[in-house]
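The chain contents come next:
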Amino acid sequence: MNKNNPPLFLLTIVAIIVGSALFKQIDFKNLTIEKPALSAIYFITFMFSVFVLVKHFINKSKK
């Protein structure tokens, strides 16, 4: 049994929640961000979760 599998369900939920929060922070009419520091943290968390999910599915397809 491989114990290095990431918790995919948890990372999917995190990506959805953080992605929607990040989307709500952006004002597309004026192209501004409401809270830049918080948006940066959201972006880093979102990219990390997406990176782990993509990496898992790429490795899964190679097997």
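Residues numbered from 1 in each chain as written. Predicted model: local features only at pLDDT ≥ 70, side-chain atom pairs only at ≥ 80, totals over all residues. Heavy atoms only, no water.

1. Section: the overall build of the chain
Then comes step 1: Looking only at helices and strands, the chain features two helices and two strands.
Then comes step 2: Counting helices and strands in the order they occur from the N terminus, the chain gives α-β-β-α.
Then comes step 3: In terms of overall dimensions, the chain is more spread out than a globule: its C-alpha atoms have a radius of gyration of 15 Å, far above the 11 Å expected for 63 residues.
Then comes step 4: Expressed as lengths along the three principal axes of its C-alpha atoms, the size of the chain is roughly 50 × 20 × 15 Å.
Then comes step 5: Buried positions account for 17% of the 63 residues belonging to the chain. (Helix = DSSP H or I, 4+ residues; strand = E, 2+ residues; numbered from the N terminus. Rg over C-alpha atoms; globule rule 2.2 N^0.38 Å. Buried < 20%, exposed > 50% of the residue type's maximum accessible area, 1.4 Å probe, protein only.)

2. Description of helix H1 (residues 8-25)
Then comes step 1: Here H1 is 18 residues long and its end C-alpha atoms lie 26 Å apart, about the 26 Å a rise of 1.5 Å per residue gives.
Then comes step 2: By the burial criterion, the buried members of H1 are Leu 11, Ala 15, Val 18, Gly 19, Leu 22 and Gln 25. The arc that holds every buried residue of H1, seen down its axis, measures 115°, which confines them to one face. Those residues of H1 that are exposed and angled more than 90 degrees off the buried face are Phe 9, Ile 16, Ile 17, Phe 23 and Lys 24.
Then comes step 3: Residues of H1 that are buried make contact with strand E1 (26-27), strand E2 (32-33) and helix H2 (36-62). (Expected span 1.5 Å × (residues − 1). Arc of directions from axis to C-beta. Contact = heavy atoms within 4.5 Å.)

Note that every value here comes from positions in space, so none of it alone points to a role or purpose.
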